[in-house]
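A look at the structure
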Amino acid sequence: MILLHLSLILIGGLLTLAISPARAQEFTFENGFGGYTEGDGSLKVFLGKRRSFHVESRGYALTDSTFRLDQTITFEGKEPEMRYWMLKSDGANRYEGTLSDATGTVVARTTGSRLTLRYRINGLFFMHQTLVLLPDGRTIDNVGRIKLLGITIGDLRETITRKDGPPSGDLPRDRSR
């Protein structure tokens, strides 16, 4: 009888493991953007048409624990644009830093597999992004909203994927680090 109960418990545990969804990783800049990543997405602002873009990135920690993300962004039919992020954790799932094409401070928070970003992009315009690290640990869904005085006037959608090696293009080389 005891053997039967133990067998049922073991089978129940194995079934639970087999049907449970994969657990998502905790989102940190290192496990989300460390190394090389590429993203494909689109951006639509107000009455303009949706524009496709491709992003190649390289992320790494600096000696002072700041995380740096260098990016090359290419909008369809346009020349590549270079930008970089510098973010540092306060130790409580909160980051602050700068983005080369933003005005003021970038504020980021992580909760589980989710990262939220907020920063001013120009004058009264703010970008609000939510990035979710998927259970495979290699893919990030990025959804953004551009807001003017609290009203959404644009949106961004992107899928970011970790790569095993450097991307095909050149990444920005900022000499100020």
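In this text the structure is predicted, and so the values were computed from the model without any measurement.

Scoring rules and cut-offs
- Residues numbered from 1 in each chain as written.
- Predicted model: local features only at pLDDT ≥ 70, side-chain atom pairs only at ≥ 80, totals over all residues.
- Heavy atoms only, no water.
- Helix = DSSP H or I, 4+ residues; strand = E, 2+ residues; numbered from the N terminus.
- Salt bridge = Lys/Arg side-chain N within 4 Å of Asp/Glu carboxyl O.
- Buried < 20%, exposed > 50% of the residue type's maximum accessible area, 1.4 Å probe, protein only.
- Pairing = 2+ DSSP bridges.
- Axes fitted to C-alpha atoms, helices over the stretch in contact; angles between N-to-C directions.

1. Observations regarding unusual backbone geometry
- In this structure, N93 is a non-glycine residue whose phi angle is positive, near 60 degrees.
- Secondary-structure assignment places N93 in the loop between strand 4 (81-89) and strand 5 (94-99).
- At L149, a residue that is not glycine, the phi angle is positive and equals roughly 55 degrees.
- Structurally, the position occupied by L149 is in the loop between strand 9 (139-148) and strand 10 (151-163).

2. Considering the pattern of salt bridges
- Considering all chains together, one arrives at 7 salt bridges under this definition.
- A salt bridge links R83 to D101; the nearest nitrogen and oxygen atoms lie 3.5 Å apart. In this pair, R83 sits in strand 4 while D101 sits in the loop between strand 5 and strand 6 (103-111), placing the two residues 18 residues apart along the sequence.
- Taking the relative accessible area as the measure of exposure, R83 reaches 16% and is therefore buried.
- For the salt bridge of D155 with R157, the shortest nitrogen-to-oxygen distance reads 3.7 Å.
- Sharing partners across several salt bridges, the network here consists of R50, D155 and R157.

3. Regarding the pairing of strand 1 (residues 35-45)
- The sheet contact formed by strand 1 and strand 2 (residues 51-61) spans 9 bridges and is antiparallel. The residue bridging G35 from the neighbouring strand is G59, located in strand 2.
- Linking strand 1 to strand 2, which pair antiparallel, is a turn of 5 residues; within it F46 sits at a positive phi near 45 degrees.
- With 10 bridges joining them, strand 1 and strand 10 adopt antiparallel strand pairing. Looking at strand 10, one finds that S42 is bridged to R157.

4. A look at the sheet that holds strand 4
- An order of 1-2-3-4-5-6-7-8-9-10 is seen for the 10 strands of this closed barrel, with the pairing classed as antiparallel. Sheet twist, expressed as the mean angle between neighbouring strand axes with direction ignored, is 25 degrees.

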